[in-house]
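Structure assessment
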Amino acid sequence: MAKAAKRAWQRMLSGRRLDLLDPTPMDIEIADIAHGLAFVARWNGQTHGDWAYSVAEHSLLVEQIHARAEPEAEPRWRLAALLHDAPEYVIGDMISPVKAALGREYGEMDSRLAAAIHRRFGLPAQLPAPVKRAIKRADRISAWLEAIQIAGFSRTEADRLFPVPDPGLLQGLEIRLRPPRETRAAYLARFDELLAEIDQSGH
């Protein structure tokens, strides 16, 4: 008797059934992404505070940093910044050493999910290299700020591991720790704002 194929999909709260190995844009909903990311902890939960620092909160910060660093960026690239960790709503957040140990398979799954998410929301499956680099810089600057403020790193250690940002870039920014429902709502609100900007700009 033939073995049954292993299940590679997850039932989402929206009712969608997302195949993790062969994701399609039609099975992706922003409500599922916002909900999932609001409950996924950055830094494996090793952060100070009464609430976990979620990937949704991190994504909001990265989009802010990207917008400051790239003030002429089209709204669609700011949306890409907000969605830069979106695959983690189903595969979770792993610290860099674990990602490196898992190797190619994890990276390929992440890339397939990212491509489907991008297509779902009108972005190119593969972002242009300059856009991808700009978002990655914002991501690493966010990691520097998080490391110092909530993840227990010394300034010397963070300066060695992450790019040291221009102080002006971080002026007025803060690490926010709040209940998942609040972060989820903020993520959805920012997504809607960026879609409206994209519609207005025609890009």
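Use the structure listed above.
Points about the pattern of salt bridges
Opposite charge on two side chains makes pairing possible when the charged atoms of those side chains draw close. Under the criterion given, the structure shown has 13 salt bridges. Between Glu197 and Arg78 there is a salt bridge, with its nearest N and O atoms 2.1 Å apart. Residue Glu197 is found in helix 9 (residues 180-201), and its partner Arg78 is found in helix 3 (residues 75-82); the two are separated by 119 residues along the sequence. The partly exposed category is assigned to Glu197, whose relative accessible area is 25%. What makes Arg78 buried here is its relative accessible area of 12%.

Observations regarding the packing of helix 3 against helix 9
One way to put it is that helix 3 packs onto helix 9 with a least axis distance of 8 Å and a crossing angle of 160°. With respect to helix 9, the element helix 3 is oriented roughly antiparallel. The way helix 3 lies across helix 9 gives a crossing that is left-handed. Contacts between helix 3 and helix 9 involve Pro75, Arg76, Arg78, Leu79 and Leu82 from the first element and Tyr187, Arg190, Phe191, Leu194, Leu195, Glu197, Ile198 and Ser201 from the second. Tallied by class, residues from the contact of helix 3 with helix 9 come to eight nonpolar, one polar and four charged.

Thoughts on the packing of aromatic side chains
One pass over the full model with this rule turns up four aromatic pairs. Counting every residue linked through ring pairs, the aromatic cluster contains Trp43, Phe153 and Phe162.

Here's the deal with the nonpolar core
Within the largest apolar cluster, 36 residues are counted, with the highest numbers of intra-cluster contacts made by Ile33, Leu83, Tyr89, Phe121 and Tyr187. Listing elements by their share of this core, those giving two or more residues are helix 1 (30-38), helix 2 (55-69), helix 3, helix 4 (88-91), helix 6 (104-120), helix 7 (129-149) and helix 9. Setting aside residues no more than four positions away along its own chain, Leu83 makes contact with Ile30, Ile117, Phe121, Leu123 and Tyr187.

Brief notes about unusual backbone geometry
Its identity is not glycine, yet Trp43 carries a phi of approximately 55°, on the positive side. Note on placement: Trp43 falls in the loop between helix 1 and helix 2. Note on Trp43: relative accessible area 15%, which makes it buried. Positive phi, normally seen in glycine, also occurs at Asn44, with a value near 55°. On the basis of relative accessible area, Asn44 is assigned to the partly exposed category, the value being 46%.

Considerations on the environment of Leu79
Examined against the element boundaries, Leu79 turns out to sit in helix 3. Separated by 32 residues in sequence, Leu79 and Ser111 place their C-alpha atoms 17 Å apart.

About the criteria used
Residues numbered from 1 in each chain as written. Predicted model: local features only at pLDDT ≥ 70, side-chain atom pairs only at ≥ 80, totals over all residues. Heavy atoms only, no water. Salt bridge = Lys/Arg side-chain N within 4 Å of Asp/Glu carboxyl O. Helix = DSSP H or I, 4+ residues; strand = E, 2+ residues; numbered from the N terminus. Buried < 20%, exposed > 50% of the residue type's maximum accessible area, 1.4 Å probe, protein only. Axes fitted to C-alpha atoms, helices over the stretch in contact; angles between N-to-C directions. Parallel < 35°, antiparallel > 145°, perpendicular 65-115°, else oblique. Left-handed = near helix turned anticlockwise from the far one by under 90°. Contact = heavy atoms within 4.5 Å. Nonpolar A, V, L, I, M, F, W, Y, C, P; charged D, E, K, R; others polar. Phe/Tyr/Trp six-rings, centres within 6.5 Å; stacked < 30°, edge-to-face > 60°. Core = buried A, V, L, I, M, F, W, Y, C linked by side-chain atoms within 4.5 Å.

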